[in-house]
Amino acid sequence: MQIRCALVGMPGSGKSTVGRQLAHRAGVPFIDLDHRLEQTIGTTIRSFFEAEGESRFRDLESEVLAEVCRGSGGMVLSTGGGAVLRAENRGVLRDFGSVLYLRASAEEIYKRVKHDRTRPLLQGGNPMDKLRELYAQRDGLYRETAHFIIETGRPTVHTLVNMIMMQLEMAASVEGTAAPDAGATPVA
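Residues numbered from 1 in each chain as written. Predicted model: local features only at pLDDT ≥ 70, side-chain atom pairs only at ≥ 80, totals over all residues. Heavy atoms only, no water.

Enquirer: Looking at this model, I keep getting lost on the overall build of the protein chain. Mind explaining?
Expert: Regarding its fold elements, the protein chain presents 8 helices and 6 strands. When its helices and strands are written in sequence order, the protein chain yields β-α-β-α-α-α-β-α-β-α-α-β-α-β. Across the 188 residues of the protein chain, 46% fall into the buried class. Of all intrachain contacts in the protein chain linking residues separated by at least 6 positions in sequence, the fraction that spans at least 24 positions is 71%. Summed over all atoms, the accessible surface of the protein chain reaches about 9000 Å², with 49% contributed by carbon and sulfur. (Helix = DSSP H or I, 4+ residues; strand = E, 2+ residues; numbered from the N terminus. Buried < 20%, exposed > 50% of the residue type's maximum accessible area, 1.4 Å probe, protein only. Contact = heavy atoms within 4.5 Å. Areas by Shrake-Rupley, 256 points an atom, 1.4 Å probe, with all protein chains shown as cover.)

Enquirer: Quick question: what am I supposed to make of the environment of Lys15 here?
Expert: As for its position among the elements, Lys15 is in helix α1 (residues 15-26). Residue class for Lys15 comes out buried when judged on its relative accessible area of 7%. It is 8.9 Å that separates the C-alpha atoms of Lys15 and Gly81, two residues lying 66 residues apart in sequence. Residues contacting Lys15, with those up to four places away along its chain left out, are Leu7, Val8, Gly9, Met10, Phe30, Ser78, Thr79, Gly80, Gly81 and Leu102. Within the structure, Lys15 has its side chain in polar contact with the backbone oxygen of Gly9 (distance 2.9 Å). (Polar contact = N/O pair within 3.5 Å; in protein donor to acceptor, adjacent residues only side chain to side chain.)

Enquirer: I keep staring at the packing of helix α5 (residues 87-96) against helix α7 (residues 127-145) and nothing clicks. Help me out?
Expert: Helix-helix packing: each pair is described by the crossing angle between the helix axes and the interaxial distance. Direction vectors running N to C along α5 and α7 enclose 35°, while the axes themselves pass 9 Å from each other. Here Arg90, Leu93 and Arg94 of α5 lie close against α7, whose contacting residues are Leu141, Glu144 and Thr145. Residue composition of the contact of α5 with α7, grouped by class: 2 nonpolar, 1 polar and 3 charged. (Axes fitted to C-alpha atoms, helices over the stretch in contact; angles between N-to-C directions. Nonpolar A, V, L, I, M, F, W, Y, C, P; charged D, E, K, R; others polar.)

Enquirer: It is not clear to me how the confidence of the model for the protein chain should be interpreted in this structure. Could you clarify?
Expert: Any segment with low pLDDT has predicted coordinates that should not be analysed in fine detail. Residue-level pLDDT values for the protein chain average 86, and 86% of them are 70 or greater. Considering only residues more than four positions removed or in separate chains, one finds that residues 177-183, a stretch of pLDDT under 50, has 20 contacts. (pLDDT = per-residue confidence, 0-100.)

Enquirer: What exactly am I supposed to notice about the pattern of salt bridges here?
Expert: Oppositely charged side chains can pair when the atoms bearing their charge come close. In total, this model carries 10 salt bridges according to the counting rule given. Notably, a salt bridge pairs Arg90 with Glu144, separated by 3.0 Å at the nearest N-O pair. One end of the pair, Arg90, is in helix α5; the other, Glu144, is in helix α7, with 54 residues separating them in the sequence. One salt-bridge network, in which partners are shared between bridges, spans Glu54, Arg58 and Glu61. (Salt bridge = Lys/Arg side-chain N within 4 Å of Asp/Glu carboxyl O.)

Quick look at the structure:
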């Protein structure tokens, strides 16, 4: 089975970490959209955000996402946390392949990213309040975009990769109808 999937979720939900291991296990390329964007803009996302603003960043994000998704063959794509904010991006992702929402609570994410200074939307003010605000704004969009929801709270990365592989294999074997496993919830 050749995997072609995208991971969506909040900043710090594990998209890059899980995505790298999932791609390795599946033997397909891993593409981190944020890293691809940094290569395109020639600086960090944080610096670009500060210099050009979020709107310009989201424009570029949409362009690079569409370009990556036009690529053929198997791959695991890790998106930025805000990639789902635009309806066009949600459509591109759903057409791309299986979309998995790596879901974690704002509190779990805060534990993971509280010392990370590279995330522009979490700088300044109260990061916990900002995470709760982002979660409230984005959870429905992640759910709308995803084919499957994977709870990332307690499992190890290895366990998450196993859960995702089982979910994708089950979905592929049942032609369009996916049955949930212990940790994944299919989304209609």
